[in-house]
Structures are given as structure tokens and as C-alpha cells.
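For reference, the chains in residue letters:
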Amino acid sequence: MRILVTGGAGYVGSHAVAWLTRRGHEVWAYDNLSRGHRAAVAADQLVIGDVLDMPKLLASFRELRIEAVMNFAALAPMGESVARPLAYYRTNISGVVSLLDAMVQAGVRRLVHSSTAALFGDPAVERIGEHLTRSPGISYRQSQSMAERIVQDAAAAYGLAVIALRYFNAAGACPSGDRGEDHRPETHLIPVALDVAMGKRPLMKIFGGDYPTADGSCVRDYVHVDDLAAAHALALAKTTETSAAGRFDAFDLGSGRGHSNLEVVESCRRVTGAAIPVRVVERRFGDPPRLVADPERARTELGWQPRYGELDSIVGTAWNWHRGRPNGFAE
């Protein structure tokens, strides 16, 4: 298939581009490079553009004869969304409207939409399944919840085949070391811990030690970025089924197992052999105590079988990337 991956120079998007390319698809990354990296994708696969630029999207669809879209174009850090809500609503909501408008005009009928488990808020359940009521709250969650509503309505109105994938904590890197996690600034737990292991930071801050969990730190479900890319490819295949036209579906993507922040740091210590000193500080606004997936539907209906089952193996691929590219894509 001929696929446009919006946000395709970002962390998960670039892994999806590589995954799809290796499997024989013709793939282009559409990215404004505000947070993505030019070096994350091949030069001949990069289209520089913004999802808010509907005429540019429409021209790209027609020129490249695009048949399907994967949408990763979104702003993500929750703390930033509180300080800059308009930017999040503009990109995460208006950007989706612009994308869908261009798709409808160009006759592109298949969309896999990147969503998030964060839209469930602070659920009082052990594991999160698709049936759970959304409780978005702060701006990032609100914007992602609304984006899902928009793509669902568009599927019904225009006969699109749309699947939203709500994933938990993306982690790890390409096993070859060609691409990995490189946010500016970096706020995610595993790459920050690995920065400490390499001496780039003096210590690891753990936000909150008084949560109602076994060791007092937050519990999260970590899923390897290549496993997420594989799930997107499976979802894309499902949108080609005859019955998919005019339908919206959503799947939760995670390992089904939770690891506390302190357990993640301990995994990083095992993998790197470094001490990684820790300081527990105040909680961050909006962090729920526990977010763990129930991935059963994705396994049974998409046929998704993650290859990276153990946290140490996920951390190991991230460590390989960070050691080989200590300055990320800047090198």
C-alpha cells in the first residue's frame, strides 16, 4: 500500500515508517519537524508539512497517490498541555479535522489513529479495557478524547475505515540502534534514567513516593515501540476488510503488566550496571497511581503478539540506542 504517516519523524511514527517499509509498503513521513527529527527517516521518504496545512496535505495525498494514513501528529506532554492548552487543542483537534478533510477530498478511506491510555484519567480498576468510560480531565486528555470522537463521527459520515490505538507507555528502541527515543527536552522515565547511567544527569527524580502502590511510586505498563509499530500494521490490514468501511474501532495496547517507577530504575541498573542515584520529589500534576492495559482484544482480534515481554529486554534496546547515539539524532 501507499501510506502517509503523519508525525512520521517522531519517536513512534519513525518506527512505524521503518516497520512498514521493511514489509514492502511505499511509505512517506509527513512531519513539520517541530518535535520530530529529519534523521529519523530516509530523506526520500520525508515530506515536510504541518497537519494544520490542509492544502499541503491534500496535494501530498494526490501527488503520492496515498491509499491509507497513520496519524501520529500530536502534542503529548501532559504538564505542558496545562500551560499551553490552545496549542494542544489546535494540533490535536484542529489538526485531526484538517487531516480528515484532506482525506475525504482525496478519497483516502483508511486511517489508523494514534491515541493514548491517558484519556481514561485515574481509573479505579486493575487493568484497563476498551469498555472503560473515558475520564479525560486535563487538556492533553481532553484533546485526545475529542480527536477520537471526531474520527469516529467522520468514519460514520464519510464511509471511512478508522481504528484508534490507545497505547500505554511506549519504550525501547530499534534493535539495530538506527532510531530511538529523543525528545527535547526528555521527560520519559527510561531515557532519563539512562542519561543518569551515562553521567549526563546527576540523579534520577522520582515524582511521588506516597501513591497507593507497593513501593509508593507510580505504576505503568511499558510496551516496546517496535511492538506498537507491528500493532499499527495489523490495524491497517484490518481497515482493508470489506466490513470495515464506515466503522470506527479502538484497541488498547500494552503488556498487561505494571512496573513501578522504582522497579523501572532497578531494571535500568541491571541492564547498565550503573548505580543511578534516585531522589523522590513531589508528585507531578495529573499522574494517576496506576495505568495498566488489558490487551486481550488486541491479541484476539488484531492477532497482536508483542515480541518484547520482559522489561529488561525493552530497556536493553533503549540502552543500545543511547550508548551508540549519546546525543540522539543530533550526531
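Attention here is on the structure that accompanies the text. (Residues numbered from 1 in each chain as written. Predicted model: local features only at pLDDT ≥ 70, side-chain atom pairs only at ≥ 80, totals over all residues. Heavy atoms only, no water.)

**Looking at the packing of aromatic side chains**
Step number 1: For the structure shown, the criterion picks out one aromatic pair.
Step number 2: Centre to centre, the rings of Trp321 and Phe329 are 5.0 Å apart; their planes meet at 50°, and the pair counts as tilted.
Step number 3: Overall, Trp321 belongs to the buried group, its relative accessible area being 1%.
Step number 4: Looking at Arg283, its charged tip hangs above the ring of Tyr211, at a distance of 3.9 Å from the centre. (Phe/Tyr/Trp six-rings, centres within 6.5 Å; stacked < 30°, edge-to-face > 60°. Buried < 20%, exposed > 50% of the residue type's maximum accessible area, 1.4 Å probe, protein only. Lys NZ or Arg CZ within 6 Å of the ring centre and 35° of its normal.)

**What about the state of the cysteines?**
Step number 1: Enumeration according to the criterion identifies zero disulfides in this entry.
Step number 2: This cysteine, Cys174, is not joined by any disulfide, and Cys268 carries the nearest cysteine sulfur, 19 Å off.
Step number 3: The exposure class assigned to Cys174 is buried, which follows from its relative accessible area of 5%.
Step number 4: Of all cysteine sulfurs, the one in Cys268 lies closest to Cys218, which takes part in no disulfide; the gap is 16 Å. (Disulfide = S-S within 2.5 Å.)

**Overview of the pairing of strand β6 (residues 161-167)**
Step number 1: When you tally the buried positions in β6, you get seven out of seven residues, the bulk of the element.
Step number 2: Residues of β6 alternate between two faces, with Ala161, Ile163, Leu165 and Tyr167 on one and Val162, Ala164 and Arg166 on the opposite face, all of them buried.
Step number 3: The pairing of β6 with strand β11 (residues 247-253) spans seven bridges and is classified as parallel. Bridge pairing in β11 places Leu165 opposite Phe251. (Helix = DSSP H or I, 4+ residues; strand = E, 2+ residues; numbered from the N terminus. Pairing = 2+ DSSP bridges.)

**Focus on helix α4 (residues 85-106)**
Step number 1: With 22 residues, α4 should cover 32 Å at 1.5 Å per step; its first-to-last C-alpha distance of 31 Å lies within 8% of that length.
Step number 2: The largest bend in α4 is about 30°, located at Ser94.
Step number 3: Burial in α4 covers these residues: Ala87, Tyr88, Thr91, Asn92, Ile93, Gly95, Val96, Ser98, Leu99, Leu100, Ala102 and Met103.
Step number 4: Once α4 finishes, Gly107 follows within two positions and takes phi at roughly 75°, a positive value. (Expected span 1.5 Å × (residues − 1). Bend = angle between axes of the 7 residues up to and from the residue.)

**Comments concerning the pattern of salt bridges**
Step number 1: Scanning the model with the defined rule gives 16 salt bridges in all.
Step number 2: Here Arg297 and Asp249 are joined by a salt bridge, their closest N and O atoms 2.9 Å apart. Placement of the pair is Arg297 in helix α9 (residues 296-301) and Asp249 in strand β11, with a sequence separation of 48 residues.
Step number 3: A salt bridge links Arg270 to Asp312; the nearest nitrogen and oxygen atoms lie 2.8 Å apart. On the criterion of sequence distance, the pair formed by Arg270 in helix α8 (residues 261-272) and Asp312 in helix α10 (residues 311-324) is long-range, its members being 42 residues apart.
Step number 4: When its relative accessible area of 28% is taken as the criterion, Asp312 is described as partly exposed.
Step number 5: One connected set of salt bridges, linked through shared partners, spans Glu148, Arg166 and Asp252. (Salt bridge = Lys/Arg side-chain N within 4 Å of Asp/Glu carboxyl O.)

**A few points about the side chain of Arg220**
Step number 1: Topologically, Arg220 is positioned in strand β9 (residues 219-220).
Step number 2: Look at Arg220: it is buried, it has no salt bridge, and the nearest opposite charge is Asp287 at 4.2 Å.
Step number 3: In this structure the side chain of Arg220 is engaged in a polar contact, spanning 2.8 Å, whose partner is the backbone oxygen of Pro288.
Step number 4: Those residues in contact with Arg220 that lie beyond four places of it in its chain are Asn169, Arg257, Gly258, His259, Asp287, Pro288, Pro289, Arg290 and Leu291. (Lys, Arg positive; Asp, Glu negative; His and termini not counted. Polar contact = N/O pair within 3.5 Å; in protein donor to acceptor, adjacent residues only side chain to side chain. Contact = heavy atoms within 4.5 Å.)

None of the figures reported here should be taken as evidence of function without further support.
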